[in-house]
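# Examination of the molecular architecture
So you can see what is in the structure, the chains are spelled out below.
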Amino acid sequence: MTRATQRVHTAWLIILAFVGQAAIWVAVLSQYGNSREIDGACLRSVPENAVMTGEMPRFAADVTFLPIGRACVYDATTGGTITVQTGQTVTLVAVAGTVVCLVAVVIAWSRWRRSTPVQRLLAGVALLFLLLGWLVIWVHAAMR
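Attention in this report is confined to the structure presented alongside it.

Rules behind the numbers
- Residues numbered from 1 in each chain as written.
- Predicted model: local features only at pLDDT ≥ 70, side-chain atom pairs only at ≥ 80, totals over all residues.
- Heavy atoms only, no water.
- Axes fitted to C-alpha atoms, helices over the stretch in contact; angles between N-to-C directions.
- Helix = DSSP H or I, 4+ residues; strand = E, 2+ residues; numbered from the N terminus.
- Parallel < 35°, antiparallel > 145°, perpendicular 65-115°, else oblique.
- Left-handed = near helix turned anticlockwise from the far one by under 90°.
- Contact = heavy atoms within 4.5 Å.
- Pairing = 2+ DSSP bridges.
- Core = buried A, V, L, I, M, F, W, Y, C linked by side-chain atoms within 4.5 Å.
- Buried < 20%, exposed > 50% of the residue type's maximum accessible area, 1.4 Å probe, protein only.
- Expected span 1.5 Å × (residues − 1).

## Structural notes on the packing of helix α1 (residues 3–35) against helix α3 (residues 88–110)
A pair of packed helices is characterised by two quantities: the angle between their axes and the separation of those axes. Relative to each other, α1 and α3 sit at 155°, their axes nearing to 8 Å. Taken together, the axes of α1 and α3 are roughly antiparallel relative to one another. Viewed along their axes, α1 and α3 form a crossing whose handedness is left-handed. Facing Thr10, Leu13, Ile14, Leu16, Ala17, Gly20, Gln21, Ala23, Ile24, Ala27 and Ser30 of α1, the residues of α3 in contact are Val90, Val93, Ala94, Gly97, Thr98, Val100, Cys101, Ala104, Val105, Ile107 and Ala108.

Below, the structure written as structure tokens:
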């Protein structure tokens, strides 16, 4: 394999790393969307055996880190609580994107001598954006 071909392969790995980390930012947007009007969203997904006070159910709403989404916890008429959780699919996509990004960056960095300085830098930038995305998701869940 020629040096130019190896650089092209490394470039594709870097593109793959950026596509993988983009899944995290989709999860950030999904979590933000789930946190807006959170009480209204919980009112639209009331389970049948939730305790009602007048016409309103008794519930607590929270933004969650894992799964990346929203949890609505209702008091149950049978005792205990009922939890309606969103974000399982988004979490799977985010984890898959993380794995793709990490594998692509590790392989790209394993070709250190055969890659250009810009390729080395871009692999690090993809990894940085991946970490920042997870940090944003965690901070947003912690703040709410």
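This is not the end of the story, as more comes after the structure.
## Quick notes on the sheet that holds strand β3 (residues 59–64)
Backbone hydrogen bonds are what pair the strands of a sheet, in a parallel or an antiparallel way. Strand order across the open sheet formed by three strands is β3-β4-β5, with antiparallel pairing between neighbours. Since the sheet does not close on itself, it has two edges, and those belong to β3 and β5 (81–85), each with one partner. The sheet shows a mean angle of 20° between the axes of neighbouring strands, taken without regard to direction. Note that β3 and strand β4 (residues 69–75) share six bridges and pair antiparallel. Bridge pairing in β4 places aspartate 62 opposite alanine 71.

## Details of the nonpolar core
Core analysis: the largest hydrophobic core is formed by 18 residues, its most contacted members being Trp134 and Ile137. Taken together, the elements giving at least two residues each to this core come down to α1, α3 and α4 (117–143). Setting aside residues no more than four positions away along its own chain, isoleucine 137 makes contact with Ile24, Ala27, Val28, Gln31, Phe65 and Ile68.

## Structural notes on α4
An ideal rise of 1.5 Å per residue puts 39 Å on 27 residues; α4 measures up with 38 Å between its terminal C-alpha atoms. For α4, the complete set of buried residues consists of Gln119, Ala123, Ala126, Leu127, Leu130, Gly133, Trp134, Ile137, His140 and Ala141. Buried residues in α4 make contact with α1, β3 and α3.

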